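# Summary of structural features
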Amino acid sequence: MAEVTVSQFADVLKVPVDRLLVQLEQAGITVSGADDKISDDAKMELLTHLRRSHGSGEETAAPSKITLKRKTQTELKMASTQGRARTVNVEVRVKRTYVKRDVLEEQNRAQQEQADQKRKEIEAAQQFEADKAEAARREQERLEQENRRRLEEEEQQRVRQAEESRRALEQRERDDAERDRARRAPDVKGVQEPARVEPKVEARKVEAKVEHKVEHKKPEVRASAEPSRGAPGTRYGRQELHVAGGDGARFKKKKTRFRGRPTTPDGEQKHGFEMPTAPVKREVPVSETITVAELAQRMAVKANEVIKTLMGLGVMATINQSLDQDTAVLVIEEMGHQPRLVKENEIEEDIQGIGESDSGLEDLPRPPVVTVMGHVDHGKTSLLDYIRRTKVAAGEAGGITQHIGAYHVETPRGVVTFLDTPGHAAFTAMRARGAKATDVVVLVVAADDGVMPQTIEAAQQARAAGVPIVVAVNKIDKPDADAERVRVELSKPEVVSEEWGGSDIFVQVSARTGQGIDQLLEAILLQSELLELKAPRDGLASGVVIESSMEKGRGAVATVLVKRGTLKLGDPILAGQQFGRVRAMFDETGNAVKEALPSMPVVVLGLTGAPNAGDDLLVVESDRKAREVALHRQSRHRDTRVAGRAPATAEDVFSQMEDAKISIIPVLIKTDVKGSAEALRQALDKLSTEEVQVKVLGSNVGGITASDIQQAASSKALVIGFNVRADSGAREAMKDTGVEVRYYSIIYEAIDDVKAMMSGMLAP
């Protein structure tokens, strides 16, 4: 580097000139001012001085690692779709780190030494294990050799003893033969036979001698101590020698006799099976569903026989096919057995133990449950809205109630629980559930419109449920209102007013002006007083599910009407096929509550899934009991569903061949609540004709997901979203698959669109 002045060098080093002059003076470099020039040697002396003053051990110490950064900038011209080019600045940054070779070598040397140390330790451990195994092997070989040598010596000793015993016996036989010949010789010459020598002592001597020489567990030769009475002697006049087992014979395992097996009079066993002389008639238990294999096992026949019987009855089934109870009973009777129907809901009997634990509970008065029913657009929600002093009807789509609403209203004349049911024809099942869960039915009829089909249907449902009816003749303030016309038309379904000698109360009201509202409440409370409504507030609670849905962030949400007991936070609950624990409860305004008394509707969170509307909600003793019953119900429902569609008859095969010629519109339904899904499915099923059929692939609650879109794409189905929307994943899947999704908030609009699709598929 060329010589520079002190001021220039200070500018390069980014330090003040005065400080640089002081450092030069301390380093022994003489300069007169800022304009003097300094050489490269002076710069190195200054650097050495600074290193020494900052504690560097070596004057020429250098860093062990250096990092270099480089940055380059370039420009690129890119063509645009509008025809004009644009310039893009590109900046490239490069970072490189250099490490001294001696540092790397030191690190590699340390790693190598550490690896060598580990390897030596492993080799030493392996060598130790090998030496240990070799020592154990040698010890084992030594023991085996000693055992073999000992066994060989014992075997040789046994052979010698056996040989000595054989020789002793042979000598004994020769001696006996000599004595016999000596005794018989005088008999020939007429000489008296000498006295016979008793062989008892001799036999005992032989026995003792043999026993002394024969070892344990070897056969021993014994001579009888005394001859049997009347037993003839042997050929040579000596007694019979018996060969008996040694001591080991005493411990010989005796032959065991099987328990329970019959025996003959002489003690021998005989086979336990005897061929029946007549057909065996069994009592076969049958549950609600049973497979072919299980049915054959219970009748003690092969499954092929059951399948043949089913084919004779016109039912095609496999060995793993589930049969319903009626079909199984026919098969059992056809094969000559006696069916016995089994009750499978024993686990569900007296779940709460009401007969025992709640027998002594006190019944206290409870508020009435009033259901508002009638034809669509006759003012049911508006009438209830006036009573509650809120504007609920303004929030309904098209002014039409789409699901059951439950409200706990405190009126000046008492507390009343209202259930607002939809009036559209598709919501028949929802109105029926409302009639079953109520004490009093308020039948709303518009004075200017008269009685409609849904009005008659609601009256019939109330009569079937045995619930008193209070008729509210609404819109009485209109100029064309005719209350007498309503009375006449309602007399046909046997709803007769008290003025005409009937038992039903008629009240003329106006939901807009409030006319007759007080008289309506008086009539409702009068009917409730006549019914003397009471329920216990203590004990395990029970109720009915009014509506249920799946909400994002909250899970399964169920609107429950408590019938008896007090529902509290933390109670283990069971609702249909779902179970859980009450995590939170809210009233109709969204306020959290800690407990719900009888006749109080609340929104319950905590179930594992959305139950069906109309299911009973029960508080049980423990979570285990709730889970057990819920899983049992799910299994039974699954088996029943499989059995319901399983056996295919010959007529079904021909009907499927005919269905192949029919146009089909596949539909997938997703709604906000269970009741709407049920109503929409029933309404679409009723639209099917001989030429075009609507096939509902599935109906469920919750938003539209990507899996729903994939299912619809595989079957080329139309997705109907009723008061729900598709999430982001579903929207992306819609773009990829091209599935059509239609959103609705009013039920008859969805029905009209499906009708239009069906009309386009009709033959000309």
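From a predicted model like this one, the values you see are computed outputs, not experimental measurements.

Right, let's get into the overall build of the protein chain. A tally of helices and strands in the protein chain yields 20 helices and 32 strands. Classification of the 764 residues of the protein chain by burial places 35% in the buried group. Relative to all contacts within the protein chain whose residues are 6 or more apart in sequence, the contacts with residues 24 or more apart total 68%.

This brings us to the environment of Gln-577. Note on placement: Gln-577 falls in the loop between β23 (572-575) and β24 (578-586). Here Gln-577 falls in the partly exposed class, since its relative accessible area comes to 25%. Remark: the alpha-carbon pair of Gln-577 and Val-629, spanning 52 residues in sequence, is separated by 8.0 Å.

The next subject is the sheet that holds strand β26 (residues 601-607). A barrel is described by the order of its strands in space; here six strands give the closed sequence β20-β21-β26-β24-β23-β27, paired in antiparallel fashion. Between one strand axis and the next, the sheet turns through 45° on average, direction left out of account. Bridging between β24 and β26 involves four bridges; their strand directions are antiparallel. When the bridges of β26 are listed, Met-585 appears paired with Val-604.

Quick look at the packing of aromatic side chains now. In the structure shown here, the tally under the stated rule is zero aromatic pairs. Note that Arg-725 overlies the ring of Tyr-743, its terminal NZ or CZ placed 4.5 Å from the centroid.

Predicted confidence across the protein chain gives a mean pLDDT of 77, with 76% of residues reaching 70 or more. Between residues 187-258, whose pLDDT stays under 50, and residues either more than four places distant or in other chains, the model counts 59 contacts.

Taken together, the buried positions of helix α8 (residues 325-334) are Gln-325, Thr-327, Ala-328, Val-329, Val-331 and Ile-332. Looking at the buried positions of α8, the neighbouring elements they touch are β7 (283-286), β8 (289-291), α6 (292-299), α7 (303-312), β10 (322-324) and β11 (338-341). Looking one or two residues beyond α8, the residue adopting positive phi is Gly-336, at roughly 85°.

Looking now at the nonpolar core. Among the nonpolar cores identified, the biggest contains 24 residues, and Val-370, Leu-383, Phe-418, Val-442, Ala-472, Val-509 and Leu-520 are the most heavily contacted of them. At the level of elements, β13 (369-374), α10 (380-388), β14 (405-411), β15 (414-420), β16 (440-446), β17 (469-474), β18 (505-508) and α14 (517-531) are the ones that each hand at least two residues to this core. Tallying contributions element by element places α14 first for this core, with six residues. Sequence-distant contacts of Leu-520, that is, excluding residues within four places in its chain, are made with Leu-383, Val-442, Val-470, Ala-472, Val-507 and Val-509. Core analysis: the second largest hydrophobic core is formed by 20 residues, Ile-665, Val-694, Val-696 and Val-754 among them.

What follows is about the packing of helix α17 (residues 674-685) against helix α20 (residues 747-760). Axis separation between α17 and α20 bottoms out at 10 Å; the angle between their running directions is 30°. Relative to α20, α17 is oriented roughly parallel. Viewed along their axes, α17 and α20 form a crossing whose handedness is right-handed. Side by side, α17 and α20 meet where Ala-679, Leu-680, Ala-683 and Leu-684 of the first sit next to Ile-747, Ala-750, Ile-751 and Val-754 of the second. Of the residues assigned to the contact of α17 with α20, the class counts are eight nonpolar, no polar and no charged.

This paragraph deals with the pattern of salt bridges. Enumeration according to the criterion identifies 32 salt bridges in this entry. Arg-109 is paired through a salt bridge with Glu-106; the nearest N and O atoms lie 2.1 Å apart. Taken together, the residues span about one helical turn, with Arg-109 and Glu-106 both in helix α4 (residues 101-188) at a distance of three residues. Since its relative accessible area comes to 41%, Arg-109 is described here as partly exposed. The exposure class of Glu-106 is partly exposed, given its relative accessible area of 45%. One salt bridge connects Asp-439 with Arg-366, and the closest N-O pair in it is separated by 2.8 Å. Taken together, the residues span a long stretch of sequence, with Asp-439 in the loop between α11 (428-436) and β16 and Arg-366 in the loop between β12 (363-365) and β13 at a distance of 73 residues. In terms of burial, Asp-439 and Arg-366 fall into one category: buried. What emerges from the salt-bridge pattern is a single network uniting Glu-134, Arg-137, Arg-138 and Glu-141.

Think of an α-helix as turning once every 3.6 residues; residues three or four places apart then point the same way. If you check helix α12 (residues 453-465), its first and last C-alpha atoms are 19 Å apart, about what 13 residues at 1.5 Å a residue would give, namely 18 Å. Considered for burial, the residues of α12 that qualify are Gln-454, Thr-455, Glu-457, Ala-458, Ala-459, Gln-461 and Ala-462. Phi turns positive, to about 70°, at Gly-466, one or two residues after α12.

Across the ten residues that make up strand β20 (residues 542-551), a large majority, eight, are buried. Note: β20 against strand β27 (residues 616-619), three bridges, orientation antiparallel. Looking at β27, one finds that Ser-542 is bridged to Leu-618. Hairpin connection, β20 to strand β21 (residues 555-564): the antiparallel pair is bridged by three residues, and Gly-553 has positive phi, about 90°.

Take the sheet that holds strand β29 (residues 663-671) next. Two strands in a sheet stick together by hydrogen bonds in their backbones, pointing the same way (parallel) or opposite ways (antiparallel). Strand order in the open sheet made by the four strands is β30-β29-β31-β32, with parallel pairing throughout. Each edge of the open sheet is held by one strand with a lone partner, namely β30 (692-701) and β32 (741-744). Pairwise comparison of adjacent strand axes, ignoring direction, gives a mean angle of 25° for this sheet. Taken together, the five bridges between β29 and strand β31 (residues 718-722) define a ladder with parallel strand orientation. Its bridge partner lying in β31, Leu-668 is registered against Val-719. Most of the contacts of α17 go to β30, to which it runs at about 175°, and overall it touches β29, β30 and β31. Sheet strands touched by helix α18 (residues 706-715): β29, β30, β31 and β32. Its angle to β29, the strand with the most contacts, is close to 175°.

Together, Ile-66, Leu-68 and Tyr-98 line one region of the surface with nonpolar side chains, adding up to about 260 Å² of accessible area. Topologically, Ile-66 is positioned in strand β3 (residues 65-79).

Right, let's get into the environment of Asp-685. Assignment of secondary structure puts Asp-685 in helix α17. Accessibility expressed as a relative area gives 38% for Asp-685, which makes it partly exposed. In sequence terms Asp-685 and Lys-695 are ten residues apart; their C-alpha atoms lie 7.2 Å from each other.

A positive phi angle, near 50°, is found at Glu-532, a position not held by glycine. Within the fold, Glu-532 resides in the loop between α14 and β19 (534-536). The class of Glu-532 is exposed, set by a relative accessible area of 61%.

Now for the environment of Leu-383. Position of Leu-383 among the secondary structure elements: in helix α10. Residue Leu-383 is classed as buried on the basis of its relative accessible area, which comes to 3%. Excluding its chain neighbours within four sequence positions, the residues that come into contact with Leu-383 are Val-444, Ala-472, Val-509, Ala-511, Ile-517 and Leu-520.

The rules behind these values
Residues numbered from 1 in each chain as written. Predicted model: local features only at pLDDT ≥ 70, side-chain atom pairs only at ≥ 80, totals over all residues. Heavy atoms only, no water. Helix = DSSP H or I, 4+ residues; strand = E, 2+ residues; numbered from the N terminus. Buried < 20%, exposed > 50% of the residue type's maximum accessible area, 1.4 Å probe, protein only. Contact = heavy atoms within 4.5 Å. Pairing = 2+ DSSP bridges. Axes fitted to C-alpha atoms, helices over the stretch in contact; angles between N-to-C directions. Phe/Tyr/Trp six-rings, centres within 6.5 Å; stacked < 30°, edge-to-face > 60°. Lys NZ or Arg CZ within 6 Å of the ring centre and 35° of its normal. pLDDT = per-residue confidence, 0-100. Core = buried A, V, L, I, M, F, W, Y, C linked by side-chain atoms within 4.5 Å. Parallel < 35°, antiparallel > 145°, perpendicular 65-115°, else oblique. Left-handed = near helix turned anticlockwise from the far one by under 90°. Nonpolar A, V, L, I, M, F, W, Y, C, P; charged D, E, K, R; others polar. Salt bridge = Lys/Arg side-chain N within 4 Å of Asp/Glu carboxyl O. Expected span 1.5 Å × (residues − 1). Patch = residues over 30% accessible without salt bridge, like charges linked within 9 Å, V, L, I, M, F, W, Y side chains within 5 Å. Areas by Shrake-Rupley, 256 points an atom, 1.4 Å probe, with all protein chains shown as cover.

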